[in-house]
Amino acid sequence: MTKRRVVVTGLGAVTPVGVGVAATWQNIVAGKSGIGRITRFDASSFACQIAGEVKDFDVTQFVPAKDARRMDRFVHLGLAAGVEAFKDSGIEVNEQNADRIGVCISSGIGGLPMIEDTHNDFLASGARKISPFFIAGTIINMISGNLSIMFGLRGPNFAVVSACSTGTHSIGESMRKIQYGDADVMIAGGSESSVCPLAIGGFSASRALSTRNDDPETASRPWDKDRDGFVLGEGAGVLVLEEYEHAKARGAKIYAELVGYGASADAYHITSPTMDGPKRSMLNALKDAGVTPDQVQYVNAHGTSTPMGDKNESDAIKATFGDYAKKLVVNSTKSMTGHLLGGAGGIESLFCVLALHHQISPPTINIINQDPECELDYCANSARKMKIDVAMNNNFGFGGTNGTLVFRKV
């Protein structure tokens, strides 16, 4: 069976650097940080007191206030990005095509803030304080479920959960749905909103987070020698994927083609990575795309700003691309957004698509003293106009799960 071609025809974003694709991309290319002191709760007792919070976001522009109160914030952000992406695609739903349009917008953690708040209410006032909408407001597939109801989309409707690889795997699995004929269109991506005491406390306890509290904007510094951990971010990134002939027939604008998807397991340790797993994920994606390593120009790396993770990924890229690795431009937009966990693959895939579309690599900001053990070209501190025909996105997660996507210019 010949696999059908898959293209990107819509984009949606809500991030710490902007609400909407236009604002987000403008600030990413400008190297603007979205990291600041936590405002969502009093973080003064925590080792880490900084995060990438989404600012100036009004959920009632996307969901009625009554319905919004019944949903966790990760659902709000995912629905907003999903609505923007679907409207951007220009697809009109009717009785003939509704069964062929699906949704897979996922989250790595889901409704942790609402779970935490509900538990606090329960402890204070008993079971009567638990909302009947509590379960439906917090489970991970509720972005997909609500969006399908909103637009009447009756195709495949599900969520993929794989920690920080969630968004990437959601897009990759949605690609397969189209390639093998289960759908003509999939709205796919990731969303996360876990800036809450339990998440900050949990990641702080494992010493994963940066404690550069006095200088938040420089706290996320992938491949810098003085990096001390990642910064938790929130937000959502969503792509509309569409079968190529279907998109062409309706005269859709096409941002890029999604040509490859790879996944792998480290099968080694819950939190400590190996070089082998990411390497196999990248090689699997290149093979699936029919692309040789020397055809890739740009890699949006996982690049979380952890001492171990950044070096491991750089080594994996070198193992995958060989001598050609030093000709790649590798960047980490997490230097500006922080780490969106399950939302990372959605927004960073969107950045790959826009890098191809505009022929420009965003910067990795805060490389002040580049780690000599990380010796690739990380597009340090300023964006770069360049020829990009093929772009790659990497995301890796707890449990040793890895995902890679390959996009091509059209």
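Here's what I pulled together on the structure shown here. Predicted model, so just to flag it, every value in this text is computed and none were measured.

## Observations regarding the side chain of T138
Inference 1: Mapped onto the elements, T138 comes out in helix α5 (residues 134-138).
Inference 2: In this structure T138 touches F74, G110, G111, M114 and I115, once residues within four positions along its chain are discounted.

## A word on the packing of helix α10 (residues 276-289) against helix α11 (residues 307-321)
Inference 1: Closest axis-to-axis distance for the α10/α11 pair is 8 Å, and the angle between their directions is 45°. The angle between the axes of α10 and α11 places the two elements in the oblique class. Judged by the sense of rotation from one axis to the other, the crossing of α10 with α11 is right-handed. Together, P278, K279, M282, L283 and L286 of α10 and N312, A316, I317, A319, T320 and F321 of α11 make up the contact between the two elements.
Inference 2: Class assignment for the residues of the contact of α10 with α11 results in eight nonpolar, two polar and one charged.

## A short note on unusual backbone geometry
Most peptide bonds are trans, and most residues other than glycine sit at a negative phi.
Inference 1: In this structure, S305 is a non-glycine residue whose phi angle is positive, near 85°.
Inference 2: Structurally, the position occupied by S305 is in the loop between β9 (298-300) and α11.
Inference 3: Owing to a relative accessible area of 0%, S305 belongs among the buried residues under this scheme.
Inference 4: Phi is positive for N366, which is not a glycine, with a value near 70°.
Inference 5: With respect to the helices and strands, N366 occurs in the loop between β11 (360-361) and β12 (384-385).

## Focus on the pairing of strand β14 (residues 401-408)
Inference 1: Of all eight residues that make up β14, seven are buried, and the element is covered over most of its length.
Inference 2: Note that strand β8 (residues 256-265) and β14 share eight bridges and pair antiparallel. Among the inter-strand pairings, E257 is bridged to a residue of β14, identified as R408.
Inference 3: Two elements, strand β13 (residues 390-397) and β14, share eight bridges in a ladder whose sense is antiparallel. Bridging from a neighbouring strand, A391 pairs with F407 of β14.
Inference 4: Between β13 and the antiparallel strand that follows it, β14, lie three residues; G399 among them carries a positive phi value of about 95°.

## Observations concerning the nonpolar core
Inference 1: In terms of nonpolar packing, the biggest core is built from 43 residues, with V8, L11, L239, L241, L258, L350 and F407 touching the most fellow members.
Inference 2: For this core, the elements supplying multiple residues, two or more each, are β1 (6-15), α1 (21-29), α7 (166-179), β6 (185-192), β7 (235-243), β8, α13 (344-358) and β14.
Inference 3: In terms of residue count, the dominant contributor to this core is α13 (nine residues).
Inference 4: If we skip the residues at most four places from it in the chain, F407 touches V8, L239, E257, L258, V259, S349, C352, V353, L356, D389, V390 and A391.
Inference 5: Of all hydrophobic cores here, the second largest spans 29 residues; its members include M71, A80, F86 and I105.

## Considerations on the layout of surface pockets
Inference 1: The calculated volume of the largest pocket comes to roughly 700 Å³.
Inference 2: Taken together, 39 residues form the lining of the largest pocket, with T271, P273, T304, T306 and F398 sitting closest to its centre.
Inference 3: If you list the elements that add at least two residues to the lining of the largest pocket, you get α11, β13 and β14.
Inference 4: Among the elements that make up the lining of the largest pocket, the one with the highest residue count is α11 (six residues).
Inference 5: Looking at side-chain class alone, the lining of the largest pocket contains 14 nonpolar, 19 polar and six charged residues.
Inference 6: Estimated volume of the second largest pocket: approximately 200 Å³.
Inference 7: Of all the elements, helix α4 (residues 112-125) adds the most residues to the lining of the second largest pocket, at three residues.
Inference 8: Among the residues making up the lining of the second largest pocket, the classes are represented as four nonpolar, three polar and four charged.

## With respect to the packing of α7 against α13
Inference 1: Direction vectors running N to C along α7 and α13 enclose 65°, while the axes themselves pass 5 Å from each other. Relative to α13, the element α7 is oriented roughly perpendicular. Contacts from G167, T168 and I171 of α7 reach α13 at G345, G346 and S349.

## Examining the environment of V195
Inference 1: Along the chain, V195 falls in the loop between β6 and α8 (197-205).
Inference 2: For V195, a relative accessible area of 3% corresponds to the buried category.
Inference 3: When the C-alpha atoms of V195 and G82 are compared, they prove to be 21 Å apart, with 113 residues separating the residues in sequence.
Inference 4: If near-sequence neighbours (up to four positions away) are discounted, V195 is found in contact with I38, R40, F41, A51, E53, L232 and E234.

Criteria and cut-off values
Residues numbered from 1 in each chain as written. Predicted model: local features only at pLDDT ≥ 70, side-chain atom pairs only at ≥ 80, totals over all residues. Heavy atoms only, no water. Helix = DSSP H or I, 4+ residues; strand = E, 2+ residues; numbered from the N terminus. Contact = heavy atoms within 4.5 Å. Axes fitted to C-alpha atoms, helices over the stretch in contact; angles between N-to-C directions. Parallel < 35°, antiparallel > 145°, perpendicular 65-115°, else oblique. Left-handed = near helix turned anticlockwise from the far one by under 90°. Nonpolar A, V, L, I, M, F, W, Y, C, P; charged D, E, K, R; others polar. Buried < 20%, exposed > 50% of the residue type's maximum accessible area, 1.4 Å probe, protein only. Pairing = 2+ DSSP bridges. Core = buried A, V, L, I, M, F, W, Y, C linked by side-chain atoms within 4.5 Å. 1 Å grid on protein atoms, 1.4 Å probe; cavity = no way out; pocket = protein on both sides within 12 Å on 5 of 7 lines; lining within 4 Å. Points joined across faces, edges and corners; volume = space filled by probe spheres on them.

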